[in-house]
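Here are the chains, one letter per residue:
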Amino acid sequence: MQGVGVRGGDAVISIASLSKRFPNGTLAVDKVSFDVPAGQVVGLLGLSGSGKSTLMRLVNGLHKPTGGHVSVLGRVVDECRSAELRVLRRDIGFIFQQFGLVGRMTCIENVLVGSLGRLRGPRLGVRSYPKALRTQALENLERVGLLAQAFQRADTLSGGQMQRVAIARSLMQQPKVLLADEPVASLDPESSVQVLDLISRIAREDNMTVLCSLHQVELAIGRTDRLIGLRDGQLILDRLTAGADQAEIMALYRRTGTAQSVETRVNQLA
Amino acid sequence: MSTTLSSARTAPPISGRQIAQWVFWLAFVATFVWAWRRLDMSVFGFFSDLGNVANLFKRMYPPDFSDLSRITSSMVETLWMALLGTAGAVVLSYPLALAAAHNTTPGRVARGASRAIITLSRAVPEIILAAIFVAAFGPGPFPGILALALHSIGMIGRLFADAIENAAESPREAVVSVGTTKRQTIRSAILPQAIPSMIATSLFRFEINLRGSAILGLVGAGGIGQLISEALETIQYKPALAAVAVLFVVILAIEVASTSVRRSLIGEAANLQLSAQRRSWFRDRLIKRDSRVNEAATRERQLTPPWTSERIFRVSMAAFFGVLFVVAILTVNVSWFDAFGNIGDISIVLKQMVPPSFRGERSMVISGLVESFAIAVVSTTLGVLVALPLAVLMARNINIRKWVATFMRIFVLALRGIPELIIAVIFVSAMGLGAVPGTLALSVTVAVFGAKLFADSLEEVSPAPREAVVSVGASRIQEFVSSVIPQFVSPFVSHFFYLLDVFFRSSTVLGIVGGGGIGFLLLQSIRVFEFKLTTMIILGVFLIVLAIEWLGLMLRRLYR
């Protein structure tokens, strides 16, 4: 084990007093620390603007932290040079709220993009990928239940289907860690449940370590092992999901929310 | 703090902005009067001039197609010049655009440098570039192709960079998160999004270059322009009209074809399921066939994309242009080996171009530039005066007779196909050398060009205020004056200055065909290898263009 951030031998993700202040002065993540052991599925809770997205992007190096450290799979992310970062990212799947598909490309080509980290040189068009990878892409599409749509353009799909294509793209990486940033925030309730069930099923089947941000507590219960809550960039909740009561957690948010607004009102008067 | 009604103002106070607007327009009218006098224009002369042009057309009619094979081969040469020039510009623009776009640029220095190259390449008109290259390499299509390629970078490079910058950010981030290199990211996330717009840009520029290449023959760079000017100079009016007619038909046909391809490429329209086109029996059949083909492909776990109608269309288009390109390279009258062997000769010319110098022609340069400016002012004003009523007739939301609007649009589109220098050649043949035929020819082009711009802006006028005005019982004229015109003022002002800018550039090359302005001296300086003078004139033109752009910017601010 190397680096500052790795605490505990079996932690796959290790975050130590991690902070991120953007150039415009916003402090998005404020001294957050926690470890995630292998195979754990963590639900990251918080209102929009609470720092969930930033935290996720710090974990795979899309953002650089302004303080503290984050290590994944034994490598300190913030100390990686860009080539090392690319190698690391190959093992970390990332699922985005906005899916990140190119609408004009077919589903299979969007899925194949997930294998680029293992390939040399740029690719354009399905036929520029090796046959073995194309077979694998079809298998992954089958796994998310979209084999029949393989050669359709991505922009002909519904939101829930697009997110499943994005999951198939992550599966191409055969990731050990999966980061999902608000994967269901743009979806209707029915597709949300489908997509989250798919993520948690795949995570258990492939023994992935998952960090999944959500802003609906009820969706996290039953699908995650552990709940971590952020507010204004600070860690305000860290507990196992088992036995967690939705009302109780909601109340926590409500209380802090009210406390804050009372506080600001007092400050304004003073 | 209450104001009694009797003491309240009934007119708003005059703002500084309004005063500035008035001062500006008064100054413009004064400039127009000065320019009109400077060019010795007269209203009576105007009608006799039109009579002369009509006379010429009478003598040109009927066209003589007896030498059709020569017309055809010149036309094909023009076509190949446009195609290869555009292709060259696309090849050169792609790396420049990647360097210029903020999301793909390797660094700030590369970005600044490529932006500068893109801007500079547009500064010199293609016909001047062609004249310089003819001086360097001798006559033929090669200097023409080179001129088109270099000049087109200005537009293609900028629009390519815009297309790349417009690519959505989320696919890029998703691809980066997989661990890709920069080149992989560009190819897999950005390029697929930018391609439709890049193809549309290339086709659009091809249309423009077709009109451009038709005139390059005037300075010896081959094609149908050479044929037309030779025929007119030797008073062979009927064959000249035949050549103009062929050019006109070809330009129109290609414009229609290219517009429909561009329309089918942009956005979602390329996909049958997504396109908003009207449903038809044929389209339904195609959609059914596509889904059948798709099903079969996934059932058999095919590893290559199936032949859906979209893919067939795309591949056949690519094949068509590929074949066209190869044929063009093989049949155009250029020995590529020699051409690229001698390309270093440009550097000799470039060395002779600096430092800029008047070479004792200072007063000629200044009076030429002044005359060009006067031509631009008069022709833009006259053209706009014709364009405005045309635009009202063309706008489908204003002209209640839809067929009249459609007819006017087709009419204007057709006229727009004729390059302004060809019109100038014809007017000069009818009225003799001088600034007046040049100005009138340019006015015609401003009128059709401006009519399209104005009509498009009129059609973008928001319908809500119009409805409100109609609902109080206003007549059609009242409605037009109080709800359409207020919305149209601001786009009109910016179009007006855009036209002045574009047609000042045009007025600087009118002299090539004897239409007045700085063009004559410019062409002479190239012909007698006084390249330092050429640079000086180009600099002068550039300064005036900058001044016009600055004025336009100020005025747009006044009308914002």
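Residues numbered from 1 in each chain as written. Chains lettered and ligands numbered in written order. Predicted model: local features only at pLDDT ≥ 70, side-chain atom pairs only at ≥ 80, totals over all residues. Heavy atoms only, no water.

1. Structural notes on the domain arrangement of chain A
Residue and element names in this part refer to chain A.
And then number 1: Looking at chain A, the domain boundaries give domain 1 (1-91 + 176-270) and domain 2 (101-174).
And then number 2: In this complex, domain 1 contributes 16 residues to the contact, which on the side of domain 2 involves 13 residues.
And then number 3: Three residues, Arg90, Leu198 and Ile202, lead the burial of domain 1 against domain 2; their summed loss comes to 38% of the area buried on that side.
And then number 4: Summed over the shared surface of domain 1 and domain 2, the number is 2 salt bridges.
And then number 5: Across the domain 1-domain 2 interface, the total number found is 7 residue pairs in polar contact (both at pLDDT 80 or more).
And then number 6: Looking at the side of domain 1 that touches domain 2, the element that brings in the most residues is helix 6 (residues 189-205), giving 8 residues. (Domains from an automatic or database assignment. Contact = heavy atoms within 4.5 Å. Buried area = accessible area lost by both parts, 1.4 Å probe. Salt bridge = Lys/Arg side-chain N within 4 Å of Asp/Glu carboxyl O. Polar contact = N/O pair within 3.5 Å; in protein donor to acceptor, adjacent residues only side chain to side chain. Helix = DSSP H or I, 4+ residues; strand = E, 2+ residues; numbered from the N terminus.)

2. Some words on empty space enclosed by the protein
Residues and elements named next belong to chain A.
And then number 1: As enumerated under the stated definition, the model contains 2 cavities of 30 Å³ or more in all.
And then number 2: In this structure, the largest cavity encloses a volume near 80 Å³.
And then number 3: As for the largest cavity, its lining consists of Val41, Leu196, Ile199, Ser200, Ala203, Val210, Cys212, Leu214, Leu219, Ala220, Arg223 and Thr224.
And then number 4: If one sorts the elements of the lining of the largest cavity by residue count, helix 6 sits on top with 4 residues.
And then number 5: Residues of the lining of the largest cavity, tallied by class, amount to 9 nonpolar, 2 polar and 1 charged. (1 Å grid on protein atoms, 1.4 Å probe; cavity = no way out; pocket = protein on both sides within 12 Å on 5 of 7 lines; lining within 4 Å. Points joined across faces, edges and corners; volume = space filled by probe spheres on them. Nonpolar A, V, L, I, M, F, W, Y, C, P; charged D, E, K, R; others polar.)

3. Comments concerning the interface of chain A and chain B
And then number 1: Listed per partner, the contact involves 45 residues of chain A and 38 residues of chain B.
And then number 2: For the pair chain A and chain B, the two sides together bury roughly 3500 Å², of which 61% comes from carbon and sulfur.
And then number 3: Contact with chain B buries surface across chain A, with Arg104, Pro122 and Phe151 of chain A losing the most and accounting together for 20% of the total.
And then number 4: Our enumeration of links across chain A and chain B arrives at 3 salt bridges.

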